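# Coordinate analysis (summary)
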Amino acid sequence: MYSQLYYKTNIHPTVKAAVSERGSTTRGERLTIIREVTHQCWEREANETIIADVKARMKAKKKSRKANADADDEDAEALEDEDEEKQSPTTEDMLEAQENLPAIFNIILTYLEHQTGFSFLVLMGGPDPLNNNKISVASVDVGTTHITVTYLRIIRVNGHA
C-alpha cells in the first residue's frame, strides 16, 4: 500500500540512486532493489500523516476483503472484478510481471516448438517504470531453422539488429 501511494515521491528517488550506483542491472535486480528500498523507506518513514494514511487504507482494504468473503460467491466475485478493473498494477507488480515474461514465453514456446516443429520469435515492448516509462523492447526466440540458425542470428547477419 505504501509503495502504491508514495512510490514517486518517497521511494523512486532512492531506487534511482541505488540503480545508478550499481550500474547495469537486470530487471530482477531492479525489482530486488525496489523491494528493499520500499521496506527501508517504510521503516524510516517519520511523517505521522503518511503512516496513519497507509495504515487506515490497509485496514479499510482488509475490512473490504472480509466483507467480500462474507457475501455470497457471485457477489464477492463481482466486487473483486470491479476492484481489479479500477486498480492499476503497482510499479512492483509491473516489474515482476515484466521480469517473468521471458521465462513464461520460453515455457510456452518450447512446448509449441516440440508439438509443431515450428520456431518462434516474440517481440514485445512497453513502458519501463524504472526508466521514466520510456518504451523498452525485448524478444524471446525458441527453435532453430532446418540449418540450425536462430531468428536472432538471421536478423543480426542481415544487419537488422
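Residues numbered from 1 in each chain as written. Predicted model: local features only at pLDDT ≥ 70, side-chain atom pairs only at ≥ 80, totals over all residues. Heavy atoms only, no water.

### Examining helix H2 (residues 27–44)
Quick reminder of the rule: Secondary structure elements follow DSSP: runs of H or I of four or more residues count as helices, runs of E of two or more count as strands, with numbering from the N terminus. To estimate how far a helix should extend, the number of its residues minus one is multiplied by 1.5 Å. Partly exposed describes any residue whose relative accessible area lies between the buried limit of under 20% and the exposed limit of over 50%, with all areas from a 1.4 Å probe on protein chains only and scaled to the type maximum. The directions from the helix axis to the C-beta atoms form the arc being described.
Over its 18 residues, H2 runs 25 Å from end to end, which matches the ideal 26 Å to within 8%, given 1.5 Å per residue. Among the residues of H2, Arg27, Arg30, Leu31, Ile33, Ile34, Val37, Thr38 and Cys41 are the ones counted as buried. Projected onto a plane normal to the axis of H2, the buried residues spread over an arc of 160 degrees and lie on a single side. Seen from the buried face of H2, the exposed residues on the opposite side, beyond 90 degrees, are His39 and Glu43.

### Here's the deal with the packing of helix H1 (residues 2–22) against H2
Basically, it comes down to this: As a rule, the C-alpha atoms of each element are fitted with a line to give its axis, helices using only the stretch in contact, and angles between N-to-C directions run from 0 to 180 degrees. Any angle that is under 35 degrees is reported as roughly parallel, and any over 145 degrees as roughly antiparallel; angles of 65 to 115 degrees are reported as roughly perpendicular and all others as oblique. The handedness criterion is simple: a crossing whose near helix is rotated anticlockwise from the far helix by less than a right angle is left-handed, and one whose near helix is rotated clockwise is right-handed. In this analysis, two residues are considered to be in contact whenever any of their non-hydrogen atoms come within 4.5 Å of each other. Polarity classes work like this: nonpolar for Ala, Val, Leu, Ile, Met, Phe, Trp, Tyr, Cys and Pro, charged for Asp, Glu, Lys and Arg, and polar for all others, with Gly in that last group.
Look at H1 against H2: their axes get within 8 Å of each other, and the N-to-C directions meet at 125 degrees. What the angle tells us is that H1 and H2 run oblique. In this structure, H1 crosses over H2, and the sense of that crossing is right-handed. For the pair H1 and H2, contact is made by Tyr2, Ser3, Tyr7, Asn10, Ile11, Thr14, Val15, Ala18, Val19 and Arg22 and by Glu29, Arg30, Ile33, Ile34, Val37, Thr38, Cys41 and Trp42, respectively. Of the residues that constitute the contact of H1 with H2, the class distribution is 11 nonpolar, four polar and three charged.

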